[in-house]
Amino acid sequence: MKIGKWLLPGLLLLPLAELLVFVAVAAVIGLGGATVLLIAGSGIGVLVLHRHGPSWLQEVRDLITGRTVARDPDRPVPAIPALAAVLLAVPGFLTDAAAALLLVPAVRQRLDALLGTGSPRGTPGPGFARRHPGRGPIVDLAPDEWQDVPDPPPRRRRRRPPAERPPAG
């Protein structure tokens, strides 16, 4: 099944579904409470995007362009948290519920596996660096992205000439 077949009708029906859910929530907790919840959810999403958005964009840009970024393998690629923040910023209870679902670790792991944005623990994936025991991270580079530099000669301490002592006497 192609996702594009369902994407356009889903996006067109989303505002209607959000309006129906808003009316249902307003009937349960009141119009003022529903409005405050709607504004609070969008405000949180905007704040998260404002704080983390530029770094997420840079990481995604690096991943797309194929640059190897030295990363901690346990640190997830920002695709899922960024999508959750965008869904929070869109006003509506359905998008807020979808964002909350994306923040559940089990759902996030399944989506990472489905999208190929994550890697199993201890295995490097695209954009990840491996760790060598006892040393810093190892970053895999293509042959044209590095050059062999000889080790610098060892530093030798200069000997100071012995200080002249006055004759004993």
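**Overview of the overall build of the chain**
In terms of regular secondary structure, the chain is built from five helices and two strands. Residues counted as buried form 21% of the 169 residues belonging to the chain. Here the contacts in the chain between residues at least 6 apart in sequence split such that 56% fall between residues at least 24 apart. For the chain, the exposed surface amounts to about 13600 Å²; the carbon and sulfur share of it is 65%.

**Digging into the packing of aromatic side chains**
Taken as a whole, this structure holds one aromatic pair when the rule is applied. Pairing Phe22 with Phe93 gives two aromatic rings, centres 6.2 Å apart and planes at 10 degrees, and the pair type is stacked. Residue Phe22 is found in helix α1 (residues 3–29), and its partner Phe93 is found in helix α4 (residues 93–102); the two are separated by 71 residues along the sequence. Phe93 sits in the buried class, given a relative accessible area of 16%.

**Some thoughts on α1**
A bend of about 35 degrees at Leu14 is the largest found in α1, and the proline Pro15 appears one to four places after it. Among the residues of α1, those classed as buried are Glu18, Phe22 and Ala26. Following α1 by one or two positions, Gly30 adopts a phi angle in the positive range, close to 100 degrees.

**Brief notes about the side chain of Ser42**
Here Ser42 shows up in helix α2 (residues 31–65). Apart from the residues within four sequence positions on either side, Ser42 is in contact with Leu88, Ala89, Val90 and Pro91.

**Regarding the confidence of the model for the chain**
A residue-level look at the chain finds 71% of positions with pLDDT of 70 or above and a mean pLDDT of 76. Contacts from residues 122–132, a stretch scored under 50 in pLDDT, to residues over four places away or in other chains number 29 contacts.

**Things to note about a nonpolar patch on the surface**
A surface patch of nonpolar side chains, amounting to about 320 Å² of accessible area, comprises Leu13, Leu16 and Leu20. Along the chain, Leu16 turns up in helix α1.

**Observations concerning the packing of α1 against α4**
At a closest axis distance of 8 Å, the pairing of α1 and α4 adopts a crossing angle of 95 degrees. With respect to α4, the element α1 is oriented roughly perpendicular. Contacts between α1 and α4 involve Leu14, Ala17, Glu18, Val21, Phe22 and Val25 on the former and, on the latter, Phe93, Leu94 and Thr95. Its residues assigned to classes, the contact of α1 with α4 shows seven nonpolar, one polar and one charged.

**Overview of the side chain of Thr95**
On the secondary structure map, Thr95 appears in helix α4. Taking relative accessible area as the criterion, Thr95 reaches 5% and is therefore assigned buried. A distance of 3.1 Å separates a polar side-chain atom of Thr95 from the backbone oxygen of Val90. Among residues more than four places away in sequence, those in contact with Thr95 are Leu14, Glu18, Leu87 and Val90.

Conventions adopted
- Residues numbered from 1 in each chain as written.
- Predicted model: local features only at pLDDT ≥ 70, side-chain atom pairs only at ≥ 80, totals over all residues.
- Heavy atoms only, no water.
- Helix = DSSP H or I, 4+ residues; strand = E, 2+ residues; numbered from the N terminus.
- Buried < 20%, exposed > 50% of the residue type's maximum accessible area, 1.4 Å probe, protein only.
- Contact = heavy atoms within 4.5 Å.
- Areas by Shrake-Rupley, 256 points an atom, 1.4 Å probe, with all protein chains shown as cover.
- Phe/Tyr/Trp six-rings, centres within 6.5 Å; stacked < 30°, edge-to-face > 60°.
- Bend = angle between axes of the 7 residues up to and from the residue.
- pLDDT = per-residue confidence, 0-100.
- Patch = residues over 30% accessible without salt bridge, like charges linked within 9 Å, V, L, I, M, F, W, Y side chains within 5 Å.
- Salt bridge = Lys/Arg side-chain N within 4 Å of Asp/Glu carboxyl O.
- Axes fitted to C-alpha atoms, helices over the stretch in contact; angles between N-to-C directions.
- Parallel < 35°, antiparallel > 145°, perpendicular 65-115°, else oblique.
- Nonpolar A, V, L, I, M, F, W, Y, C, P; charged D, E, K, R; others polar.
- Polar contact = N/O pair within 3.5 Å; in protein donor to acceptor, adjacent residues only side chain to side chain.

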